[in-house]
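Residues per chain, in single letters:
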Amino acid sequence: MTLTWTTKPFAELTLAELYALLQLRSEVFVVEQTCAFQDIDGQDQAAWHLLGYTPAGELAAYARLFGPGISYPEASIGRVVVSPRSRRFGLGRELLRQAIAAVDALVGGQPIQIGAQSYLQEFYEGFGFRQVGEGYLEDGIPHIHMLRLAGQA
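Residues numbered from 1 in each chain as written. Predicted model: local features only at pLDDT ≥ 70, side-chain atom pairs only at ≥ 80, totals over all residues. Heavy atoms only, no water.

Draft legend 1. A look at the packing of aromatic side chains. Under the definition given, this model contains three aromatic pairs. Ring centres of tyrosine 124 and phenylalanine 129 lie 5.9 Å apart, and the angle between their planes is 80°; this geometry places the pair in the edge-to-face category. Both residues of the pair, tyrosine 124 and phenylalanine 129, count as buried. Every member of this aromatic cluster is reached through a ring pair, and the members are Phe123, Tyr124, Phe127 and Phe129. (Phe/Tyr/Trp six-rings, centres within 6.5 Å; stacked < 30°, edge-to-face > 60°. Buried < 20%, exposed > 50% of the residue type's maximum accessible area, 1.4 Å probe, protein only.)

Draft legend 2. Structural detail: the side chain of arginine 25. As for its position among the elements, arginine 25 is in helix H1 (residues 15–32). A distance of 2.8 Å separates polar atoms of two side chains, one belonging to arginine 25 and the other to aspartate 44. A polar side-chain atom of arginine 25 sits 3.1 Å from a polar atom in the side chain of tyrosine 62. Discounting chain neighbours no more than four positions away, the residues touching arginine 25 are Val30, Asp39, Asp44, Tyr62, Arg64, Arg79 and Val81. (Helix = DSSP H or I, 4+ residues; strand = E, 2+ residues; numbered from the N terminus. Polar contact = N/O pair within 3.5 Å; in protein donor to acceptor, adjacent residues only side chain to side chain. Contact = heavy atoms within 4.5 Å.)

Draft legend 3. Main features of the pairing of strand E4 (residues 75–82). Across the eight residues that make up E4, a large majority, seven, are buried. Summarising the sheet, strand E3 (residues 59–66) and E4 pair through five bridges and their orientation is antiparallel. Each bridged residue has a counterpart across the sheet, and for arginine 64 the counterpart in E4 is glycine 78. Pairing analysis gives two bridges linking E4 to strand E5 (residues 112–117), with the strands arranged parallel. Residue pairing in the sheet places serine 76 in a bridge with glutamine 113 of E5. (Pairing = 2+ DSSP bridges.)

Draft legend 4. Structural detail: the layout of surface pockets. Its boundaries defined by the atoms lining it, the largest pocket holds a volume of some 1100 Å³. Considering the residues around the largest pocket, the lining is formed by 41 residues, among which Phe29, Val80, Gln117, Leu120 and Tyr124 are closest to the centre. Secondary-structure elements contributing two or more residues to the lining of the largest pocket are H1, E3, E4, helix H2 (91–107), E5, helix H3 (121–125), strand E6 (130–138) and strand E7 (141–148). If you tally residues by element for the lining of the largest pocket, the top one is E4, at seven residues. Residue composition of the lining of the largest pocket, by class: 20 nonpolar, 12 polar and nine charged. (1 Å grid on protein atoms, 1.4 Å probe; cavity = no way out; pocket = protein on both sides within 12 Å on 5 of 7 lines; lining within 4 Å. Points joined across faces, edges and corners; volume = space filled by probe spheres on them. Nonpolar A, V, L, I, M, F, W, Y, C, P; charged D, E, K, R; others polar.)

Draft legend 5. Inspection of the sheet that holds E3 at higher detail. Here seven strands make up an open sheet; going across it, the order is E1-E2-E3-E4-E5-E7-E6 and the pairing mixed. Strands at the two margins of the open sheet, each flanked by one partner only, are strand E1 (4–9) and E6. On average, each strand axis in the sheet is tilted by 20° relative to the strand beside it, whichever way the strands run. Judged from the six bridges that link them, strand E2 (residues 48–53) and E3 form a sheet pairing that is antiparallel. Bridge pairing in E3 links leucine 50 to alanine 63. Most of the contacts of H2 go to E4, to which it runs at about 155°, and overall it touches E1, E2, E3, E4, E5 and E7. (Axes fitted to C-alpha atoms, helices over the stretch in contact; angles between N-to-C directions.)

In structure tokens:
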């Protein structure tokens, strides 16, 4: 499946785009993962939003991108999500490739930090991320901090 990718700051999102990304995040992070948490956390306005659309116009993949000093001292990627209807096509890998490239383009090849769900550690390691620090619970789900140095594959 080939997606069309776009990256926009919050102020340039249309109402339909905002609704679709919030709906997808809620579908996966709240409903599918049965985790009641404050997804709308006040950081969306400071983020760039990476949106991947199917040829039919459905939002299939999404990530939130930050420059340094917003979520972490380093640039960061968060809310990485693929629609349940679009899984099994390798879109998670394509989403992360697109997210890393977009962060590099936005902030000039700096280190990137993520707060990853622990079960995805091996997935993120395939993109050059390495665990830093101890694991922790976030909203009852095991997480780890991971860092990707600039220029790592």
